[in-house]
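An overview of the molecular structure
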Amino acid sequence: MADRGEGEHVSEQSGQEPGERTASHIAHNARVWNYWLGGKDHYEVDQQVGDQVTSMYPSIGEVARADRAFLGRAVTYLAGQAGLRQYLDIGTGLPTAENTHEVAQRIAPDSRVVYVDNDPIVLTHARALLTSTDEGATSYVDADARDPAAILRASSGTLDLGRPVAVMMLGILNFILDTAEATSIVWHLLDAVPSGSYLVLTHPTLELGGEGNEEAMRFWNENATPPITARSRTEIEGFLEGLDVLEPGLVSCARWRTDGSDEGPLVAQFGVMARKP
């Protein structure tokens, strides 16, 4: 286990050299997402592609904000009502306000959080993520979501995988284009954690009014990286097989456990939480 209250960075082979992954002439998801959220960690090309996608699919900014709000509500539930103290946040992206460890440790200071990403831009900001209460811990793993074994191996230094873990996969499975591969990754991760663990995910869809996003996704795949895919309700339900899905089920992430006061526009991004029995 890592020393309590200390953050650490653990690197796993990503399959790319840093220079290959930091190309500033190609729009990258983490930076464009940061732009849509109103951040400053992006290049001009990210803004250009982000603006073009917005012109084709005007609600994309609302999707980004709804996804972030879902994260806050999900972690609030897990740290509070569910009593979870361990979080494996895969595809964390660039740090913004209300990161997983901030929400969890505000409720339960002894929470332990591992962030996973293979984006070098996220790596350069890892120090912002590697803060913690004295009672808890955070760490950052540089690894690809396609290598769950490496993720589990590296995260075991901070997390006790014999105790329940919340596996957070917000907006990451859409970059695994093959659904069978994506399902295998989810099941590999959940097989490694005990009963009482949770899967939390969000995923874009062409349902829920998202039909207009198809052209924007095509543009993205031709002009930015990594390529992305949408999935149907039925395909996403395949990730949840054998799990107990919490109410209100698989819904727009903007409609998941809101009290009405923070319910934004309906967005074409599914959100769901499920418990391993």
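Residues numbered from 1 in each chain as written. Predicted model: local features only at pLDDT ≥ 70, side-chain atom pairs only at ≥ 80, totals over all residues. Heavy atoms only, no water.

**Looking at the environment of Ile121**
Tracing the backbone shows Ile121 in helix 6 (residues 120-124). When the C-alpha positions of Ile121 and Leu94 are compared, they lie 7.4 Å apart, and in sequence the two are 27 residues distant. Apart from the residues lying within four places of it in its own chain, the contact partners of Ile121 are Arg31, Tyr43 and Leu94. (Helix = DSSP H or I, 4+ residues; strand = E, 2+ residues; numbered from the N terminus. Contact = heavy atoms within 4.5 Å.)

**Quick notes on unusual backbone geometry**
Geometrically, the link from Thr225 to Pro226 is a cis peptide bond, its omega value of -5° lying close to zero. Mapped onto the elements, Pro226 comes out in the loop between strand 8 (224-225) and helix 11 (233-237). Here Glu247 and Pro248 are connected by a cis peptide whose omega angle stands at 10°. Position of Pro248 relative to the elements: it lies in the loop between strand 9 (244-245) and strand 10 (251-252). Unusually for a residue other than glycine, Leu208 sits at a positive phi of about 60°. When you line up the elements, Leu208 lands in the loop between strand 7 (198-204) and helix 10 (213-223). Using a relative accessible area of 26% as the deciding quantity, one classes Leu208 as partly exposed. The backbone phi angle of Arg257 is positive, close to 50°, even though this residue is not glycine. Inspection of the secondary structure assignment puts Arg257 in the loop between strand 10 and strand 11 (269-275). Relative accessible area serves as the criterion here: at 34%, Arg257 is assigned to the partly exposed category. (Buried < 20%, exposed > 50% of the residue type's maximum accessible area, 1.4 Å probe, protein only.)

**Structural notes on the confidence of the model for the chain**
This prediction gives the chain a mean pLDDT of 88; 90% of its residues lie at or above 70. Scored below 50 in pLDDT, residues 1-6 makes 24 contacts in the model with residues more than four places away or belonging to other chains. For residues 13-21, every residue scores under 50 in pLDDT, and the model assigns this stretch nine contacts once sequence neighbours within four places are set aside. (pLDDT = per-residue confidence, 0-100.)

**Let's talk about helix 3 (residues 44-56)**
For helix 3, built from 13 residues, the straight-helix expectation of 18 Å at 1.5 Å per residue is met to within 8% by its first-to-last C-alpha distance of 19 Å. Listed in full, the buried residues belonging to helix 3 are Val45, Asp46, Val49, Gly50 and Val53. Burial along helix 3 is one-sided: seen end-on, the buried residues are contained in an arc of 130°. Turned more than 90 degrees away from the buried face of helix 3, the exposed residues are Glu44 and Ser55. (Expected span 1.5 Å × (residues − 1). Arc of directions from axis to C-beta.)

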